[in-house]
Amino acid sequence: MKKIGILGGGQLGRMLLQAAINYPVETYVMENDSNCPAAHLCNHFVEGDITNYQAVYDFGKQLDAITIEIEHVNEDALAQLEAEGVQVFPSAAALKIIKNKIAQKEFYQLHGIPSSEFIVTQTIADLQQHLSFLPAVHKLNAGGYDGRGVQVIKSASDIEKGFNAPAVLEKLVDIKKEIAIIVAVNSKNETAIYPAVEMIVNKDLNQLDYQLCPADIAEKTLWTAEAIALKVVKELKSPGIFAVELFVDTNNVVWVNETAPRVHNSGHHTIEGNFSSQFDMLWRVMLDYPLGSTEILFPSALINIVGEANYTGPAKFEGLEDILKIENAFVHLYGKSTTKPGRKMGHVTIISKEKQELIHQAQRVRHGLKVVS
Ligand code: ADP
């Protein structure tokens, strides 16, 4: 059996392991917390620091292939493993491009991929030199995640909100819709593209409110977005699974926001909503099996269950029983014992042929299920 490792043991690793059960594979996970969501689902758990060169190298050298569930891993160790014959999904080179916002934006520019205009900054003081560039969004080069590391700088008075570290300042896009497209690529360079999803963003938390699939956008805009997503993935020249996040602006122009070189939150609905889920698809890629079908079985809504503001401690799921009674709702709880504000604790997928029903049930989950302590 092929030995395949996952760097990171969060909810993405957990759902990836859930899909592994269908395949002949021996699974390994490395994470620094032996109580992480994925620890009890893998065949072999290794406690270790995924950002440490030696830890990642030692973990990987016993494996046939390795993948990631988060970008913040030691890519130099992955490059060495790759050189020694371990298959790495995504390639260390692709990860290196994506991991840092500056390299990622330069990559889009180099390949003529539409992404909003940007300037590289090193300190907050640099922002003073670029007042004519505002309104803009300041994004930390490294270490940002789930909205942390992103600040909107509308005018000179917002400059103090910026980052005193390497970052990109990119033009504010007048967003009409945020969409995401997941693309899988195998080692033969064959691709499979999932139907676009549409994000409804909570502007206060800078986090997803809920998501709908398929995205409700004009066919021509969709084709443009799909062509752009495929181009991003083609230019990254790496097998794996990629989530390309895009903006459709008020003039229907499509821009790439960012790309994740891994299974992604925007693809959770594919577990119930599509023939081959994003997790199933990644195993197919890593095991050199034919790509699965990305066709929709049912339109879906996806709601993240995140820790309520002002609660930190052992998690309690208020309203869970009512949500579990919704017949077209699939509840996923990640097994994280403690909650904190904004922490992703689970998600709910609603499936229905009726869009109004999707929105209705999504709102019901959004307001009826609260994670407190
Ligand atoms: P993260 O990876 O931390 O989630 P993103 O780069 O996706 O960060 O940004 C978070 C959110 O900020 C986006 O979903 C979008 O709503 C907003 N945003 C990011 N870049 C821009 C931009 N150039 N113009 C307008 N809004 C943006």
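Up top you'll find the structure we're talking about.
Residues numbered from 1 in each chain as written. Predicted model: local features only at pLDDT ≥ 70, side-chain atom pairs only at ≥ 80, totals over all residues. Heavy atoms only, no water.

Brief notes about the environment of Trp-283
Next, step 1: Its location among the elements puts Trp-283 in helix 9 (residues 278-286).
Next, step 2: For Trp-283, a relative accessible area of 0% translates into the label buried.
Next, step 3: Remark: the alpha-carbon pair of Trp-283 and Ala-20, spanning 263 residues in sequence, is separated by 6.8 Å.
Next, step 4: Those residues in contact with Trp-283 that sit more than four places away from it in its chain are Ile-4, Leu-16, Ala-19, Ala-20, Tyr-23, Val-25 and Thr-27. (Helix = DSSP H or I, 4+ residues; strand = E, 2+ residues; numbered from the N terminus. Buried < 20%, exposed > 50% of the residue type's maximum accessible area, 1.4 Å probe, protein only. Contact = heavy atoms within 4.5 Å.)

Some thoughts on the pairing of strand 1 (residues 2-7)
A regular strand places its side chains so that they alternate between the two faces of the sheet.
Next, step 1: The sheet contact formed by strand 1 and strand 2 (residues 25-31) spans 6 bridges and is parallel. Bridged to Ile-6 within strand 2 is Val-29.
Next, step 2: Between strand 1 and its parallel partner strand 2, the chain crosses via helix 1 (residues 11-20), and the hand of that crossover is right-handed.
Next, step 3: In terms of strand pairing, strand 1 meets strand 4 (residues 65-68) through 4 bridges, oriented parallel. Pairing of Ile-6 across the sheet is with Thr-67, part of strand 4. (Pairing = 2+ DSSP bridges. Right-handed = clockwise from strand over helix to strand, strands pointing away.)

Quick notes on the packing of helix 1 against helix 9
Next, step 1: Direction vectors running N to C along helix 1 and helix 9 enclose 70 degrees, while the axes themselves pass 8 Å from each other. Considered as vectors, helix 1 and helix 9 are oriented roughly perpendicular to each other. Crossing of helix 1 against helix 9: the hand is right-handed. Contacts between helix 1 and helix 9 pair Leu-12, Met-15, Leu-16, Ala-19 and Ala-20 from the former with Phe-279, Asp-280, Leu-282 and Trp-283 from the latter.
Next, step 2: A breakdown of the residues in the contact of helix 1 with helix 9 according to their chemical character gives 8 nonpolar, no polar and 1 charged. (Axes fitted to C-alpha atoms, helices over the stretch in contact; angles between N-to-C directions. Parallel < 35°, antiparallel > 145°, perpendicular 65-115°, else oblique. Left-handed = near helix turned anticlockwise from the far one by under 90°. Nonpolar A, V, L, I, M, F, W, Y, C, P; charged D, E, K, R; others polar.)

Focus on the packing of aromatic side chains
Next, step 1: Scanning the entire structure with this criterion turns up 3 aromatic pairs.
Next, step 2: For the pair Tyr-53 and Tyr-57, a centre-to-centre distance of 6.3 Å together with 5 degrees between the ring planes defines the contact as stacked. Of the two residues, Tyr-53 and Tyr-57 are both situated in helix 2 (residues 53-60); the distance of 4 residues between them amounts to about one turn of the helix.
Next, step 3: For the cation-ring pair, Lys-171 lies above Phe-133, with the distance from its terminal atom to the ring centre recorded as 4.4 Å. (Phe/Tyr/Trp six-rings, centres within 6.5 Å; stacked < 30°, edge-to-face > 60°. Lys NZ or Arg CZ within 6 Å of the ring centre and 35° of its normal.)

Topic: the packing of helix 2 against helix 3 (residues 75-83)
Next, step 1: Following both chains from N to C, one finds helix 2 and helix 3 inclined at 30 degrees, their axes separated by 8 Å at the closest point. Viewed along their axes, helix 2 and helix 3 form a crossing whose handedness is right-handed. Taking contact as the criterion, the partners of Tyr-53, Val-56, Tyr-57 and Gly-60 in helix 2 are, on helix 3, Asp-76, Ala-77, Leu-78, Gln-80 and Leu-81.

Let's talk about the pattern of salt bridges
Next, step 1: Going through the model one piece at a time under the given rule, you end up with 13 salt bridges.
Next, step 2: Glu-75 is the salt-bridge partner of Lys-99, the closest N and O atoms lying 2.7 Å from each other. With Lys-99 in helix 4 (residues 92-99) and Glu-75 in helix 3, this residue pair connects regions lying 24 residues apart in the sequence.
Next, step 3: Glu-258 is the salt-bridge partner of Lys-101, the closest N and O atoms lying 3.0 Å from each other. Of this pair, Lys-101 sits in helix 5 (residues 101-110) while Glu-258 sits in strand 15 (residues 254-260), and the two are 157 residues apart along the sequence.
Next, step 4: By relative accessible area, which is 18% here, Lys-101 ends up buried.
Next, step 5: In this structure, a network of salt bridges that share partners links the residues Lys-105, Lys-139 and Glu-170. (Salt bridge = Lys/Arg side-chain N within 4 Å of Asp/Glu carboxyl O.)

Here's the deal with the pairing of strand 2
Next, step 1: Across the 7 residues of strand 2, 7 count as buried, placing the element largely inside the fold.
Next, step 2: Across the two faces of strand 2 the burial is the same, with Val-25, Thr-27, Val-29 and Glu-31 and Glu-26, Tyr-28 and Met-30 all buried.
Next, step 3: Summarising the sheet, strand 2 and strand 3 (residues 44-47) pair through 4 bridges and their orientation is parallel. Bridge assignment links Glu-31 to a residue of strand 3, and that residue is Glu-47.

Some remarks on the nonpolar core
Next, step 1: Ranked by internal contacts, the top residues of the largest apolar core, which has 32 residues, are Ile-4, Val-25, Ala-184, Ile-241, Phe-279, Met-281 and Trp-283.
Next, step 2: At the level of elements, strand 1, helix 1, strand 2, strand 10 (175-185), strand 14 (240-249) and helix 9 are the ones that each hand at least two residues to this core.
Next, step 3: One finds Phe-107, Val-183, Val-185 and Val-254 within the second-largest nonpolar core, a separate group that totals 24 residues. (Core = buried A, V, L, I, M, F, W, Y, C linked by side-chain atoms within 4.5 Å.)

Observations regarding the sheet that holds strand 3
Next, step 1: Pairing is parallel across the open sheet formed by 5 strands, whose spatial order is 3-2-1-4-5. What marks the edges here is a single partner per strand, and that holds for strand 3 and strand 5 (87-89). Looking at each pair of strands side by side, their axes are set apart by 20 degrees on average, direction ignored.

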